[in-house]
Amino acid sequence: LFLTGMIGVIFLRTLRRDISRYNQFDSSDDVQEEFGWKLVHGDVFRPPACRLLLSVFLGSGAQILCMVFVTLVLACLGFLSPARRGALMTCGVALYVCFGFVNGYVSATFYKAFGGTLWKKNIFLSAVLCPGIIFAGFFLCNIILWSQSSSAAIPFSTLLLLLFLWFGVSTPLTYLGAFLAFQRSRWSYPVRTNQIPRQIPPQPFFSKPLPATVMAGILPFGSIYVQMFFMFNSLWAHLTYYMFGFLFVVYLILLVTISETSIILCYFQLCGEDYRWWWRAFFSSAFTAFYLLAYSVYFYLYKLTIVGVVSTVLYFSYCLIFVFIFFIMCDLFSIGTVGFVSCFWFVRQIYSVVKVD
């Protein structure tokens, strides 16, 4: 946390110096050639590719993030006792269903800001895409448990109840949130977008999408590495987990780390005259989930003793579901995302304080 604060202070000083230099050049009578991140002011708010899919991910991530945040708060306050089996999962499912409103509102807000027009498709995908992937994963795992006559299998009546909560409660709330979002005016940008896209110069190796994204996930994963050991022990070694207060603090540190990492990488990308930051901001924060997947493989090989193909398939199936949820959630914070919205807020702020002709 101290290291994150130090990096943030250094970055703010650098950014303040850039803004002061840009405004100083604009106030002088001499004609100055633009340079740095100001050079792409006419393209930085150009709508991203696959705007529909991006907005759907943002809405679903906001829903998951709100669910996790409120669940951890309730657990810290003692409302969810570890002694009550299934209380944490039941609370999480109930909150996830109730926060369908957040899903629709965030997804529609960003889709409208991106200039999208297929609003019916946006609402439908927001309601069914990510929840459908999660439900399909759990259903396939449950089929495996049924085939083995396992007592851990979820009864069919419970699955029907989950479907009712999904389509009877969460989906209408998603439509309601999207309806209210589409009634609001579209967000305005501080600079105009040019009609002709600017040519992007060749980028150095470390600024290319794949290397930058891979490096971006290291620091956030490092902030939760120790906590992952206790959580995996609780899930797979049948140990009781009591440290919800510490988990909540680690969760907040994770959000701050992801936000700061995404903003710094976005800054370097704009300084390199590459204005395609939308999806990069998404993946730079969400790539932490792939390190989590690698850790689950390590935990399986060196910390667990699982015998049988079925048990192995179940382990990795549940891990993949958890990684997918983490992948979507890491992208979303505030009205939208930890990574994406942090960059979105950052880009709007820096271009609103510089003078642009």
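Residues numbered from 1 in each chain as written. Predicted model: local features only at pLDDT ≥ 70, side-chain atom pairs only at ≥ 80, totals over all residues. Heavy atoms only, no water.

A.B. asks: Lay out the state of the cysteines with the relevant residues and their values.
C.D. replies: The tally for this structure, following the rule as stated, stands at 0 disulfides. Counting only cysteine sulfurs, Cys343 is the nearest neighbor of Cys266, a cysteine outside any disulfide, at a range of 4.3 Å. For Cys266, a relative accessible area of 3% translates into the label buried. Its sulfur unpaired, Cys271 is 9.5 Å from the next cysteine sulfur, which belongs to Cys266. Since its relative accessible area comes to 30%, Cys271 is described here as partly exposed. (Disulfide = S-S within 2.5 Å. Buried < 20%, exposed > 50% of the residue type's maximum accessible area, 1.4 Å probe, protein only.)

A.B. asks: Could you give an account of a nonpolar patch on the surface, naming the residues involved and the relevant values?
C.D. replies: A surface patch of nonpolar side chains, about 940 Å² in accessible area, is lined by Tyr225, Val226, Phe229, Phe230, Met243, Phe246, Val297, Tyr298, Leu301 and Tyr302. Every element with two or more residues in the nonpolar patch is listed here: helix H8 (218-236) and helix H11 (288-302). (Patch = residues over 30% accessible without salt bridge, like charges linked within 9 Å, V, L, I, M, F, W, Y side chains within 5 Å. Areas by Shrake-Rupley, 256 points an atom, 1.4 Å probe, with all protein chains shown as cover. Salt bridge = Lys/Arg side-chain N within 4 Å of Asp/Glu carboxyl O. Helix = DSSP H or I, 4+ residues; strand = E, 2+ residues; numbered from the N terminus.)

A.B. asks: Just give me the short version of helix H6 (residues 156-183), but keep the residues and values in it.
C.D. replies: The end-to-end C-alpha distance of H6, which contains 28 residues, comes to 40 Å, matching closely the 40 Å that a straight helix rising 1.5 Å per residue would cover. Of all bends in H6, the biggest is about 30 degrees, found at Ser170, and the proline Pro172 comes one to four residues later. Of all the positions in H6, only Leu159, Trp166, Ser170, Thr171, Thr174, Gly177, Ala178, Ala181 and Phe182 are classed as buried. Where H6 is buried, its residues touch helix H2 (51-76), helix H3 (87-98), helix H4 (100-113) and helix H5 (119-147). (Expected span 1.5 Å × (residues − 1). Bend = angle between axes of the 7 residues up to and from the residue. Contact = heavy atoms within 4.5 Å.)

A.B. asks: Help me get a handle on the nonpolar core, residues and values and all.
C.D. replies: In this structure, Trp37, Leu270, Trp277, Trp278, Phe340, Val347 and Tyr351 are the most contacted members of the largest nonpolar core, which totals 48 residues. At the level of elements, helix H1 (2-27), H2, H4, H5, helix H9 (244-271), helix H10 (278-286), helix H12 (309-329) and helix H13 (340-352) are the ones that each hand at least two residues to this core. (Core = buried A, V, L, I, M, F, W, Y, C linked by side-chain atoms within 4.5 Å.)

A.B. asks: Lay out the pattern of salt bridges in plain terms, naming residues and giving numbers.
C.D. replies: Per the counting criterion, the structure on display carries 4 salt bridges. Taking the shortest distance from any N to any O, the salt bridge between Arg46 and Asp43 comes out at 2.5 Å. The same class applies to Arg46 and to Asp43, which are both buried. Between Arg280 and Asp274 there is a salt bridge, with the nearest N and O atoms lying 3.5 Å from each other. The pair Arg280 / Asp274 is uniform in exposure class, with both members buried.

A.B. asks: I'd like to hear about empty space enclosed by the protein, residue by residue, with values.
C.D. replies: Applying the stated criterion across every chain, the model contains 1 cavity of 30 Å³ or more. Lining of the largest cavity is provided by Ser262, Leu265, Cys266, Gln269, Trp277, Arg280, Ala281, Ser284 and Cys343. Counting residues per element, the lining of the largest cavity draws most heavily on H9, at 4 residues. Here the residues of the lining of the largest cavity sort into 5 nonpolar, 3 polar and 1 charged. (1 Å grid on protein atoms, 1.4 Å probe; cavity = no way out; pocket = protein on both sides within 12 Å on 5 of 7 lines; lining within 4 Å. Points joined across faces, edges and corners; volume = space filled by probe spheres on them. Nonpolar A, V, L, I, M, F, W, Y, C, P; charged D, E, K, R; others polar.)

A.B. asks: Mind laying out the packing of aromatic side chains, listing which residues take part and the relevant values?
C.D. replies: Scanning all chains against the criterion turns up 45 aromatic pairs. Taken together, a centroid distance of 6.3 Å and an interplanar angle of 65 degrees make the contact between Trp119 and Phe182 edge-to-face. Of this pair, Trp119 sits in helix H5 while Phe182 sits in helix H6, and the two are 63 residues apart along the sequence. Both rings, one in Trp146 and one in Phe156, keep their centres 6.5 Å apart while their planes meet at 50 degrees; by these two values the pair is tilted. On the criterion of sequence distance, the pair formed by Trp146 in helix H5 and Phe156 in helix H6 is long-range, its members being 10 residues apart. (Phe/Tyr/Trp six-rings, centres within 6.5 Å; stacked < 30°, edge-to-face > 60°.)

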